[in-house]
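Topology and contacts: notes
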Amino acid sequence: MQFVMLVRVDPDATPTADESDPNAWVDVHVPRLGKRLEGNGLRDVETATTVRVRDGRTLVADGPFAEYKELIAGYDLIEAESIDRAVEIAALHPVARFGSIEVREVWPF
């Protein structure tokens, strides 16, 4: 099964160097519990563009459409045998200690 992990952080958070470095998580924890297929951080929210189509018109706005307490700072695409295993992997992610990790199963179409 594939899962997307959305890495969410409070823009005012001040993590330690260990908390903001995912290398140990990538190198040690994920291979033990599943497989990481891809992952990256995202550029600052100021570089975001939101696209919506309403009544046949394309609406484009700078940044996220709504105000958020936490912003999506990155993502990881993993393979795990179950949602429970994916949650276990997410709990070991360093950002889980000061932000949150949203885990969602990929729904191929």
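The present account deals with the structure reproduced in this document. (Residues numbered from 1 in each chain as written. Predicted model: local features only at pLDDT ≥ 70, side-chain atom pairs only at ≥ 80, totals over all residues. Heavy atoms only, no water.)

What follows deals with the packing of helix H1 (residues 23-33) against helix H2 (residues 83-91). At their nearest, the axes of H1 and H2 sit 10 Å apart, and the two run at 165° to each other. Between H1 and H2, the angle is such that the two are roughly antiparallel. Both H1 and H2 take part in a crossing whose hand is right-handed. On H2, the residues touching Trp25, Val30 and Leu33 of H1 are Arg85, Glu88 and Ile89. Across the contact of H1 with H2, the residue classes break down as four nonpolar, no polar and two charged. (Axes fitted to C-alpha atoms, helices over the stretch in contact; angles between N-to-C directions. Helix = DSSP H or I, 4+ residues; strand = E, 2+ residues; numbered from the N terminus. Parallel < 35°, antiparallel > 145°, perpendicular 65-115°, else oblique. Left-handed = near helix turned anticlockwise from the far one by under 90°. Contact = heavy atoms within 4.5 Å. Nonpolar A, V, L, I, M, F, W, Y, C, P; charged D, E, K, R; others polar.)

Turning next to the environment of Ile83. Along the polypeptide, Ile83 turns up in helix H2. Between the alpha carbons of Ile83 and Gln2 there is a distance of 9.2 Å; along the sequence they are 81 residues apart. Leave out the neighbours within four places in its chain, and Ile83 touches Phe3 and Val103.

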